[in-house]
Amino acid sequence: MRVGTMLSMPGDVVGTDVLIERAVNAEASGFASAWLPQVGTVDALTALALAGHETSSIELGTAVVPTYPRHPVMLAEQALTVQNAAGNRLALGIGLSHRFFIENSLGLDYSKPIPHTREYLTILNALLAGEAVEHRGDEYSVKAEVNVVDAAKPPVLVAALGPAMLRLCGRLADGTITWMGGIEYLGEVAIPTMSAAAESAGRPAPRFVAMVPVLLCDDADAGREAVNKAFFMYGRIPSYRATLDRGGAELPADVAVIGNADEVESGVAAFSEVGVTDFAAVVPPSTPTTEATGELLASLAAAHNR
């Protein structure tokens, strides 16, 4: 299992200079990957293209870019441009986002998430592979081709949380990115469901990128309180609430890795044991041990990523 880190999370409003610096530091610290969400601040793909010029080996991933606001032709052009700029180190994480954002904020139709995703991936995968696309469907009508020099097809990872979406993406995507999914959810729902679908479709084994809160602390109760405070809103967003419920978790801290150095090390290792291929650490900001947590994770990353 490769160990990576998030460059930012919602609420952390910083500019591209800071994000580039964080990516450079993540690479120097030994992290295998650095991930950036698309959450109403800087454009994630643009920031990763800039970070790609200042780094040389670390994988740079979006976690995730919402599909509805970006036509698949436009996203293919953006993604392949980042591949060109970053030396083919992009992992393209995409997702539906949430009904309240897509409908209430953007005024778009969120009524058919499965058909939308099926057509979107069909078009996007072909364009990223350099194929000419002629698609006539209920959601999209496309006749296009995208060519970007020296740009390989990036892995496409979909934030698929529910069983139906996991099965679809097992057939059409290269893996998934999860958030608010603990050991039980991953081991009992996400990994077996997507893996079976991929195998049935004759596809390679999927990647499973688990975004997980991590906090080093000697006081477990205080650590749980800090994690729940930092990420409380995710327990109220329907898709994440359902993911917590599927894993038998009540609060964000229930799916987090919290404890002393030995407990954090064993907690991270437990995700590898259930089949997670990529661990993306999410450290709560502004706690007394935030910096120490990052340092411990860097040492774990160096060990895992040799």
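Look above for the structure.
Residues numbered from 1 in each chain as written. Predicted model: local features only at pLDDT ≥ 70, side-chain atom pairs only at ≥ 80, totals over all residues. Heavy atoms only, no water.

**Focus on a negative patch on the surface**
Cut-off, in case you're wondering: By definition, no residue in a patch forms a salt bridge, and every one has over 30% relative accessible area; like charges are joined within 9 Å, nonpolar side chains (Val, Leu, Ile, Met, Phe, Trp, Tyr) within 5 Å. Note on areas: Shrake-Rupley with a 1.4 Å probe; residue coverage comes only from the protein chains shown. By definition here, a salt bridge exists when the distance from a side-chain nitrogen of Lys or Arg to a carboxyl oxygen of Asp or Glu is within 4 Å. Lys and Arg are tallied as positive, Asp and Glu as negative. Neither His nor the chain termini are counted. To locate a charge, the coordinates of NZ of Lys, CZ of Arg, CG of Asp or CD of Glu are taken. Numbering of helices and strands runs from the N terminus; a helix is a DSSP stretch of H or I covering at least four residues, while a strand is a stretch of E covering at least two.
A surface patch of negative charge is lined by D218, D219, D221, E225, D262, E263 and E265. Counting only elements with at least two residues in the negative patch, the list comes to α8 (220-230) and α10 (261-273). Mapping D218 onto the fold places it in the loop between β10 (207-216) and α8.

**Structural notes on helix α1 (residues 16-29)**
Since one α-helical turn is 3.6 residues long, residues separated by three or four positions face the same way. Selection criterion: A helix's residues, less one, multiplied by 1.5 Å, set its expected span. Only protein chains enter the calculation, and the probe is 1.4 Å; a residue is then buried if its accessible area is under 20% of its type maximum, exposed if over 50%, and partly exposed in between. Think of it as the arc spanned by the lines of direction from the helix axis to the C-beta atoms.
Helix length check: α1, at 14 residues, gives a terminal C-alpha distance of 20 Å against a target of 20 Å (1.5 Å per residue), a fit within 8%. Those residues of α1 that fall on the buried side of the exposure criterion are L19, I20, A23, A26 and E27. Across the axial projection of α1, the buried residues extend over an arc of 120°, all falling on one side. Across α1 from its buried face, at more than 90 degrees, point the exposed residues D17, E21 and A28. Among the residues trailing α1, G30 stands out with phi positive, at a value near 100°.

**Let's talk about the pairing of strand β5 (residues 90-95)**
Just so we agree on the cut-off: Following DSSP output, two strands are said to pair if at least two bridges run between them.
Within β5, 6 of the 6 residues are buried, which leaves the element mostly enclosed by the surrounding structure. Note that strand β3 (residues 59-62) and β5 share 2 bridges and pair parallel. By the bridge assignment, G61 is partnered in β5 with A91. Bridge analysis of strand β4 (residues 65-66) against β5 gives 2 bridges, and the strand direction is parallel.

**Describing helix α5 (residues 113-128)**
The cut-off we apply is this: Residue contacts are defined here by distance: any two heavy atoms, one from each residue, within 4.5 Å place the two residues in contact.
Taking 1.5 Å of rise per residue, 16 residues should cover 22 Å, and α5 covers 22 Å from first to last C-alpha, within 8% of that figure. Among the residues of α5, H116, T117, E119, Y120, L121, I123, L124, N125, A126, L127 and L128 are the ones counted as buried. For α5, the elements touching its buried residues are α3 (72-86), β5, β6 (133-136), β7 (141-144), β8 (156-158) and α6 (163-172). Immediately downstream of α5, the backbone of G130 shows phi near 85°, a positive value.

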